[in-house]
Amino acid sequence: MKLKIILYGAMFLFGMGHLYAQNPNRPDSDRVMDLDKVVQTALANNISIKQKFLDEKSAQHQRKEIVGSGLPQLRGYGNYNNFIDIFPQAIPGGLFDPTQDPNTISVLNFGVPQSIKAGLEVTQLIYSHSYIVGLKAAKTSQEYYYLLSRQNEEDVIYDVVLNFYNVKAAELQADNLRSNLERLNRLNAIVKSQVENDLARKVDLNRIKVNMTTLETQLDNIEIGIEQGLNYLKLLMGVPMDTPLVLEAIDFDMDHASENIDHNYTDIYGRADFKVLDKVTELQNLDIRNIRSGYVPTLAAFFDLNYNAFSTEFDFLNRSHNWYRGALFGLQLNVPIFDGFQRKHKISQAKISADKLSMDRQNLNEAAMAEYLTATKKLENSFRGLNAQKENLKLSEEVMYQSEQLYKEGLAPLTDLLDAELALREARSSFYNQTVNVKTAQADLLKSTGRIKEISK
């Protein structure tokens, strides 16, 4: 009768362990974040995304700065001169004195000891080909930083998605180990009682203890990995490290997992890195045009209005002092003639840079296609592996059920039941891991075609 009670206690133990494994990643808190919420939090708070947004704002101001260089430029100025010794001037002899020998030189001090001048100067650019090219380059640069920001967002989303699934895979593994460990603790007590009553061998008890120690070590290592993964996820999300974070359970029904993903979508040129490189190429071509614009004349207008005062001593604050107005309007034309072939060689250097960008584009084409083909193959193999693991899990459950029945009838030793349970746990763990592999493969495919933002929809 005592043996029968122990056997039914063991069956209750295995039944509870099986039920626990059916829901291995149920949260311990009501504050659960699904993948979409984690991604949106990262997009709103990630430091690198914020920095790229600041780069966008900086590019906007840079464009406005260039536009402003073509608007009227107004400045005020003032000069005060105090000649300790008035500069001498040499003039031909006899210029002011007819009796003086014209072959001599007369040295006179022209001017007054003190003078002051204040005025306003306005300049206006009328034509500059470099300015026109600069406006186009400023607009293109602003678009470049916008695309760079979008590329960074995609990179952050991809990192968040992979880390989310990696953490969930580790949590699933940890749940399986805890379930095994809990079962082994209960089983250890049962077998210990059996050994004390000469109903089991001591070697079976030692085997359980060895398995328990192994599981505890594995669980410790996995928990460290989970903590690291959650902390890195918080870093990507831009939230404090002491923020509680519980991730939503993964849906293991993969029969319709790929319905929202177009696996036949082969357009790799919608990727952000292609757009960024195209914009860099456009900027390089504008740089060449800007250098060539140095051969084109520039024309500007200017106007100067000033007031001047002169005196032998500093009495300019006296209201009765006379001020003399001066005004000037003019045009300034700059015509480049010869620069020692500097611009020619600058253009040659810029063309070499453009050729290198063309090579980068070719390399990106091949790399993107390789990434797409790899992602496609990975997803295909992942689904095939998932189906195999699903069948393997089904067989393991059948073996477990049969082992339970045989053990209950006393036709199988405890070690057979233990082996069957371990095999079931391994099969379930492999199934969970393969499910995560499918999801990461989907993320890789979406990233390879520039559609990673669809992962959380």
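Residues numbered from 1 in each chain as written. Predicted model: local features only at pLDDT ≥ 70, side-chain atom pairs only at ≥ 80, totals over all residues. Heavy atoms only, no water.

> Got a minute to help me understand the overall build of the protein chain in this structure?
Along the protein chain, the regular secondary structure elements total 8 helices and 8 strands. For the protein chain, the proportion of its 457 residues judged to be buried stands at 37%. Expressed as a percentage of contacts within the protein chain between residues at least 6 apart in sequence, the contacts between residues at least 24 apart total 82%. Accessible surface for the protein chain amounts to roughly 26800 Å². Of this, 54% is attributable to carbon and sulfur atoms. (Helix = DSSP H or I, 4+ residues; strand = E, 2+ residues; numbered from the N terminus. Buried < 20%, exposed > 50% of the residue type's maximum accessible area, 1.4 Å probe, protein only. Contact = heavy atoms within 4.5 Å. Areas by Shrake-Rupley, 256 points an atom, 1.4 Å probe, with all protein chains shown as cover.)

> Looking at this structure, I do not really get the sheet that holds strand β8 (residues 324–334). What am I missing?
Adjacent strands of a sheet form backbone hydrogen bonds with each other and so pair up, either parallel or antiparallel. With antiparallel pairing, 4 strands are arranged side by side in an open sheet as β2-β5-β7-β8. Lying at the two open borders of the sheet, with one neighbouring strand each, are β2 (73–82) and β8. Taking the axes of each pair of neighbouring strands and ignoring which way they run, one obtains an average angle of 20 degrees across the sheet. Here strand β5 (residues 114–127) runs beside strand β7 (residues 298–311); their pairing, made up of 13 bridges, is antiparallel. Within β7, the position partnered with Ile 116 by the bridge is Ala 309. (Pairing = 2+ DSSP bridges. Axes fitted to C-alpha atoms, helices over the stretch in contact; angles between N-to-C directions.)

> What should I look at first to understand helix α3 (residues 47–68) in this one?
An α-helical turn contains 3.6 residues, so a residue and the one three or four places further along point in the same direction. Its 22 residues give α3 an end-to-end C-alpha distance of 31 Å, which sits within 8% of 32 Å, the value for a rise of 1.5 Å per residue. Within the sequence span of α3, burial applies to Ile 49, Glu 56 and Ala 59. Considered in projection along α3, the buried side chains sweep an arc of 60 degrees and stay on one side of the axis. Facing away from the buried surface of α3 by more than 90 degrees, the exposed residues are Ile 47, Leu 54, His 61, Lys 64 and Glu 65. Looking at the buried residues of α3, the elements they touch are α2 (35–45) and α4 (129–196). (Expected span 1.5 Å × (residues − 1). Arc of directions from axis to C-beta.)

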